[in-house]
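Survey of secondary and tertiary structure
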Amino acid sequence: MNRWVVAGALVAVFLAAGIASLFVGTPKDVSDLKNFPGGKVRVSGQLVEYGREGDYIHLILRGRDGFIIRAVVPYDTVVRLAGPSFQFGNEVVVEGFYNPATKTLNITTILKGCHSAYYAPVKS
Amino acid sequence: MSLLGVLLVFLVVVDVATAVYLVNWGPFPLVVKELGAPTAYLNVYVHVPPAVALYVMAALSFALAVWGAWRGLSERALRWMDFSAYSVAALGWYAFVSGTIWAAESWGTPFALDPRQMSILVLALIYSLYPAIRRGVEDPERSVKLAQSFLIAGFALAIISLFAPVLVQALHPRPGTTLGGPLGQYMGMRILLVIAIFLALLFAKPARWTSAVYLAGVVVAVALLYPWLLYQPQRVVNVTDTAIVLESGQVLNVPPEQVLSPAFFNGTPTLPKNFVAVAGGGVELVRHFSAYVNAAIYFAIMAFILRLRERL
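If you're wondering where the values come from, they're calculated on a predicted model, not measured in any experiment. (Residues numbered from 1 in each chain as written. Chains lettered and ligands numbered in written order. Predicted model: local features only at pLDDT ≥ 70, side-chain atom pairs only at ≥ 80, totals over all residues. Heavy atoms only, no water.)

Here we take up the overall build of chain A. Along the backbone of chain A there are two helices and seven strands. In sequence order, the secondary structure elements of chain A are arranged as α-β-β-β-β-α-β-β-β. Relative to a compact globule of 124 residues, whose C-alpha radius of gyration would be 14 Å, chain A shows 20 Å and is clearly more extended. Restricting the contact set of chain A to residue pairs at least 6 apart, pairs at least 24 apart contribute 48%. Split by element, the accessible area of chain A, about 6,300 Å² in all, is 55% carbon and sulfur. (Helix = DSSP H or I, 4+ residues; strand = E, 2+ residues; numbered from the N terminus. Rg over C-alpha atoms; globule rule 2.2 N^0.38 Å. Contact = heavy atoms within 4.5 Å. Areas by Shrake-Rupley, 256 points an atom, 1.4 Å probe, with all protein chains shown as cover.)

In structure tokens form, the structure reads like this:
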């Protein structure tokens, strides 16, 4: 078989694998939780508000069609990972266990990129 | 030993020395808005340069495969093609493993399923099939033709992986981001250094003992982990002007300025999220272990690549 034909076939296979790999970890939108039966989920949503309630921090997250959930995470966990002067951005990606009955997500992991750290002041 | 062989040894020694120096004494972000210890960003010196070299070697293997399919390759160029493909596989695994170790601290989870993380895993898996093509196909001419087709197609994966953070939402920074910041000067020099090593390896076979320099680097990187092995460092969760509050709730009556200076930057404390250890009656800043671990793995992978080149 002509090597260019083999290369073409392999390009198709590799492209499919490569493109699929880009979307493996794509989080669900908060709105997708409307039909989610409950359980572990990675979700992304617009942050409406957040604040401290005792030992927990609550976040109100809104999906693309306006569906809203409440997410909670232990205060100590946030301070340990994000520091005492933490701030959430407008878009939040979290992983946790969702309970559709209470529309509450118990956060186990906060996912955050490292986009601005490279421009931070440096300790030499 | 040829002049190029001497140059290669020099580059390898400089690679080990600069990696060790920067991981243990190099600059790191003072304040990080994102997750995890700022010292985890010392990983830029050992994670990014080999990852960039990976794309250079993938481009080289692609160019040689296209040229070979069109005009044919000399024995020497065929060795270059094989070496570049093997290097992509080895560096792909290193980029995935080191990135995953770093992600555990700076992204909040090791398996973030980030598009760059996942696409580099697919790339490493697929390029790992290359030796099977070169050794498994008995007819040498057919083996070369199949290898060329494989590398031409494989480059599509390298392109997808390189631009993954541009194509979809990602935790990984976009290509070129890291060169813009203050960390970029040293990292940029190391990128050029690692690429120079791979280019030198095309023209010069390393002397047998050259890989021993990298193995010595493994020993040094592991040795530099000693605070983690001896002093049980703890994460700082808060500071006052005169005290440091640890994750366990313990309060150290030591001004944070004595451990990390400046203690505040634009009103933000610099020590929280970092690790400190009580050692010898004082409190010391302990750099995040991931940079040392990744340095050790990097040196081991480079020793492997050098031994591989000896046999080609």
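All names here are of chain B. When its volume is computed, the second largest pocket comes out at roughly 520 Å³. His47, Val48, Ala51, Arg116 and His172 are, among the 30 residues lining the second largest pocket, the residues nearest its centre. Among the elements of the structure, α2 (44-71), α3 (75-106), α4 (115-127) and α7 (184-203) are those that each provide at least two residues to the lining of the second largest pocket. Take the lining of the second largest pocket: its biggest share by element is seven residues, from α3. For the lining of the second largest pocket, the class distribution of residues is 19 nonpolar, nine polar and two charged. (1 Å grid on protein atoms, 1.4 Å probe; cavity = no way out; pocket = protein on both sides within 12 Å on 5 of 7 lines; lining within 4 Å. Points joined across faces, edges and corners; volume = space filled by probe spheres on them. Nonpolar A, V, L, I, M, F, W, Y, C, P; charged D, E, K, R; others polar.)

What follows covers empty space enclosed by the protein. What the rule picks out here adds up to one cavity of 30 Å³ or more. When its volume is computed, the largest cavity comes out at roughly 80 Å³. As for the largest cavity, its lining consists of Val78, Ala82, Phe86, Gln87, Phe88, Ile110 and Lys112 of chain A together with Lys33, Glu34 and Leu35 of chain B. Looking at side-chain class alone, the lining of the largest cavity contains six nonpolar, one polar and three charged residues.

A few words on α2 of chain B. Here α2 of chain B contains 28 residues, and its C-alpha end-to-end distance of 40 Å stays within 8% of the 40 Å for a straight helix at 1.5 Å per residue. Where α2 of chain B ends, the next residue or the one after it, Gly72 of chain B, has phi of about 85°, a positive value. (Expected span 1.5 Å × (residues − 1).)

Here we come to the environment of Gln87 of chain A. Residue and element names in this part refer to chain A. With respect to the helices and strands, the residue Gln87 is situated in the loop between α2 (75-82) and β5 (91-99). C-alpha of Gln87 to C-alpha of Tyr50: the two residues are 37 residues apart in sequence and 9.7 Å apart in space. When near neighbours in sequence (up to four residues on either side) are disregarded, Gln87 contacts Tyr50 and Lys112.

Residues and elements named next belong to chain B. Spatial ordering of the open sheet is given by β4-β3-β2-β7-β8, a layout of five strands whose pairing is antiparallel. In this open sheet, the two edge strands, each paired with only one partner strand, are β4 (251-252) and β8 (282-286). Pairing of strand β3 (residues 244-246) with β4, which is carried by two bridges, proceeds in the antiparallel orientation. Its bridge partner lying in β4, Ile244 is registered against Leu252. (Pairing = 2+ DSSP bridges.)

Below, the discussion takes up the confidence of the model for chain A. Counting all residues, the mean pLDDT for chain A is 88, and 95% of those residues have values of 70 or more. Averaged pLDDT values for the elements of chain A fall to 80 in strand β7 (residues 122-123) of chain A and rise to 95 in strand β4 (residues 68-74) of chain A. (pLDDT = per-residue confidence, 0-100.)

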